[in-house]
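The residues making up each chain are set out below.
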Amino acid sequence: MTQLSPAQKSAHKPSQEPSQKPESAPREDSPRTDAPRPEGSATGAQAPAKADAGKSLYGGTRSRRVTVRDIAAAKRRGEKWPMLTAYDAMTASVFDEAGIPVLLVGDSMGNCHLGYETTVPVTMDEITILSAAVVRGTERALVVADLPFGAYQEGPVQALRNAMRLVKEAGVGAVKLEGGERSAEQIDLLVSSGIPVMAHVGLTPQSVNAFGGYPVQGRGEEAAQQLLRDAKAVQDAGAFSVVMEAVPAELAAEVTRSLHIATVGIGAGLECDAQVLVWTDMAGMTSGRVPRFVKQYARLREELGGAARAFAEDVIGGTFPAEEHSFH
């Protein structure tokens, strides 16, 4: 997902259950069910159905891990749910305790955690190490890990090899990869092999060099039709959900209504089934301007900076450590 690099900040910044591919008649609990949405579910202007408190993804009472079957059930109920990125065990534990049902170990770590200019340099080793940390820091959340640039573009076999590594070494419950029709074969093989896949269409940050930046996607009739084809292609390939990034709200609503898998919006309007933000953007850790679609719910950068300055002043002034912080 889009995360602004340090060099861009002065400019405008615009054990889980495996998924199984259904047979000819999908099971009722399958993520790929073609059953119609229940009356009262969230479609267009309709109000979402009131979720059962025990079954809801956010604030539910289950002690086990959230699975792709829970995501499919939430779609049928018309329940909206939140997703955040996480890159370390401590932050992941905070979000897990807060009830966030899905955590994404995104390649956005490249910009906001590892200091890269874009997501492109992120490696499988880096994703694997940080994904394992997030899994260790959580008990309930479904942990989804990005396949980084260069980890699946060669084809389905390469994608399977790297996805297996994330499942086996890091313990994630699902992987995410960018691309619609162009990634359908990779998704099909992963799902057939027992690895749940979250797809990603619209603005795909790994293609920043091809896009020449981070422009909104799906504007105009031709581009809108391509995005619809991409979304349906990943659904048909077996993805259990699809992220739509930087897509006009009306188009994202149309896609959400047309799919039976969950849509996750980031800069894609209110009608998506779920919403995701990069946590450093959400919590106010990012400096400079942030993308238009970001809402900052805290000012942690200011808080952390203030704490660091207070510590430094105590050290320089000789008031820390005090007697209560000393051994004798």
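Peer 1: How should I be thinking about the confidence of the model for the protein chain in this particular structure?
Peer 2: In low-pLDDT regions, the fine details of the predicted coordinates are not to be read closely. Here the protein chain shows a mean pLDDT of 87. Residues at 70 or above account for 83%. Note that residues 5-51 has pLDDT below 50 and, in this model, 106 contacts with residues that lie over four places away or in other chains.

Peer 1: Help me out: how do you make sense of the packing of aromatic side chains in this one?
Peer 2: Working definition: an aromatic ring pair is given by the centre-to-centre distance plus the angle between the planes. By the definition in use, this model includes two aromatic pairs. Relative to Trp279, the ring of Phe95 has its centre 5.9 Å away and its plane inclined at 65°; by these criteria the two rings are edge-to-face. Residue Phe95 is located in helix α2 (residues 89-97), and its partner Trp279 is located in helix α10 (residues 279-282); the two are separated by 184 residues in the primary sequence. Side by side, Phe95 and Trp279 carry an identical accessibility label, which is buried. For the pair Phe311 and Phe320, a centre-to-centre distance of 5.9 Å together with 70° between the ring planes defines the contact as edge-to-face. According to the relative accessible area criterion, Phe320 is partly exposed, its value standing at 34%.

Peer 1: Help me out: how do you make sense of the nonpolar core in this one?
Peer 2: Generally speaking, soluble globular proteins have nonpolar side chains that are buried together. Residues Leu103, Leu147, Val175, Ile187, Leu190 and Met244 are the most contacted members of the largest nonpolar core, which totals 61 residues. Those residues in contact with Leu147 that sit more than four places away from it in its chain are Met124, Tyr152, Ala159, Asn162, Ala163, Leu166, Val175, Lys176, Leu177, Leu190 and Gln206. Ranked by size, the runner-up nonpolar core spans 20 residues in total, among them Ala74, Val102, Ala174 and Phe240.

Peer 1: Would you explain the packing of helix α4 (residues 124-136) against helix α5 (residues 156-170) in this entry?
Peer 2: Geometry of a packed helix pair, given as the angle between the helix axes and the separation of the axes. Look at α4 against α5: their axes get within 9 Å of each other, and the N-to-C directions meet at 35°. Note on packing geometry: the crossing formed by α4 with α5 is right-handed. Here α4 contributes Met124, Asp125, Ile127, Thr128, Ser131, Ala132 and Val135 to the contact with α5, which in turn contributes Asn162, Arg165, Leu166, Glu169 and Ala170. Residue classes in the contact of α4 with α5 are distributed as six nonpolar, three polar and three charged.

Peer 1: What exactly am I supposed to notice about a nonpolar patch on the surface here?
Peer 2: On the surface, Phe311, Val315 and Phe320 cluster together to form a nonpolar patch covering roughly 270 Å² of accessible area. With respect to the helices and strands, Phe320 occurs in the segment after α11 (300-317).

Peer 1: Which parts of the structure should I look at to understand α5?
Peer 2: Because an α-helix completes one turn every 3.6 residues, residues spaced three or four positions apart along the sequence face the same direction. Relative to the 21 Å expected for 15 residues at 1.5 Å per residue, α5 spans 20 Å between its end C-alpha atoms, a close match to the ideal helical length. Those residues of α5 that sit buried are Gln158, Ala159, Leu160, Asn162, Ala163, Leu166 and Ala170. In this structure, the buried residues of α5 make contact with α4, β3 (142-146), β4 (174-178) and α6 (184-192). Gly171 lies just past α5 and shows a positive phi near 80°.

Peer 1: Please explain the pairing of strand β6 (residues 241-245) as it appears in this structure.
Peer 2: The two faces of the sheet receive side chains in turn, since in a regular strand these alternate between them. Most of β6 sits out of view: five of its five residues are buried. Burial of the side chains of β6 extends over both faces: Ser241, Val243 and Glu245 are buried on one face and Val242 and Met244 on the other. With five bridges connecting them, β6 and strand β7 (residues 262-266) associate as parallel partners. By the bridge assignment, Met244 is partnered in β7 with Gly265. The handedness of the β6 to β7 crossover, carried by helix α9 (residues 249-258), is right-handed.

Peer 1: Teacher, can you tell me more about the pattern of salt bridges here?
Peer 2: Where side chains of opposite charge bring their charged atoms close, a pairing between them can arise. With the rule as written, the count across this model stands at six salt bridges. Here Asp273 makes a salt bridge to Lys75, at a shortest N to O gap of 2.7 Å. With a gap of 198 residues between them, Asp273 in the loop between β7 and β8 (274-277) and Lys75 in helix α1 (residues 68-77) connect regions that are remote in the sequence. Residue classification places Asp273 among the buried positions, given a relative accessible area of 6%. Measuring nitrogen to oxygen at the nearest pair gives 2.5 Å for the salt bridge that ties Asp125 to Arg165. Placement of Asp125 in helix α4 and of Arg165 in helix α5 is noted, with a sequence separation of 40 residues between them. A residue is classified by how much of its surface remains accessible, and Arg165, at 24% relative accessible area, is partly exposed. When salt bridges with common partners are traced through the structure, they connect Asp125, Arg165 and Glu169 into a single cluster.

Peer 1: When you look at the sheet that holds strand β5 (residues 197-202) in this model, what are you seeing that I'm missing?
Peer 2: In a beta sheet, neighbouring strands pair by backbone hydrogen bonds and run either parallel or antiparallel. Strand order in this closed barrel of eight strands is β1-β2-β3-β4-β5-β6-β7-β8, and the pairing throughout is parallel. When strand polarity is set aside, the average angle formed by the axes of neighbouring strands in this sheet is 25°. Relative to β6, β5 runs parallel, the two being bridged by five bridges. The residue bridging His200 from the neighbouring strand is Val243, located in β6.

Rules of the game
- Residues numbered from 1 in each chain as written.
- Predicted model: local features only at pLDDT ≥ 70, side-chain atom pairs only at ≥ 80, totals over all residues.
- Heavy atoms only, no water.
- pLDDT = per-residue confidence, 0-100.
- Contact = heavy atoms within 4.5 Å.
- Phe/Tyr/Trp six-rings, centres within 6.5 Å; stacked < 30°, edge-to-face > 60°.
- Helix = DSSP H or I, 4+ residues; strand = E, 2+ residues; numbered from the N terminus.
- Buried < 20%, exposed > 50% of the residue type's maximum accessible area, 1.4 Å probe, protein only.
- Core = buried A, V, L, I, M, F, W, Y, C linked by side-chain atoms within 4.5 Å.
- Axes fitted to C-alpha atoms, helices over the stretch in contact; angles between N-to-C directions.
- Left-handed = near helix turned anticlockwise from the far one by under 90°.
- Nonpolar A, V, L, I, M, F, W, Y, C, P; charged D, E, K, R; others polar.
- Patch = residues over 30% accessible without salt bridge, like charges linked within 9 Å, V, L, I, M, F, W, Y side chains within 5 Å.
- Areas by Shrake-Rupley, 256 points an atom, 1.4 Å probe, with all protein chains shown as cover.
- Salt bridge = Lys/Arg side-chain N within 4 Å of Asp/Glu carboxyl O.
- Expected span 1.5 Å × (residues − 1).
- Pairing = 2+ DSSP bridges.
- Right-handed = clockwise from strand over helix to strand, strands pointing away.

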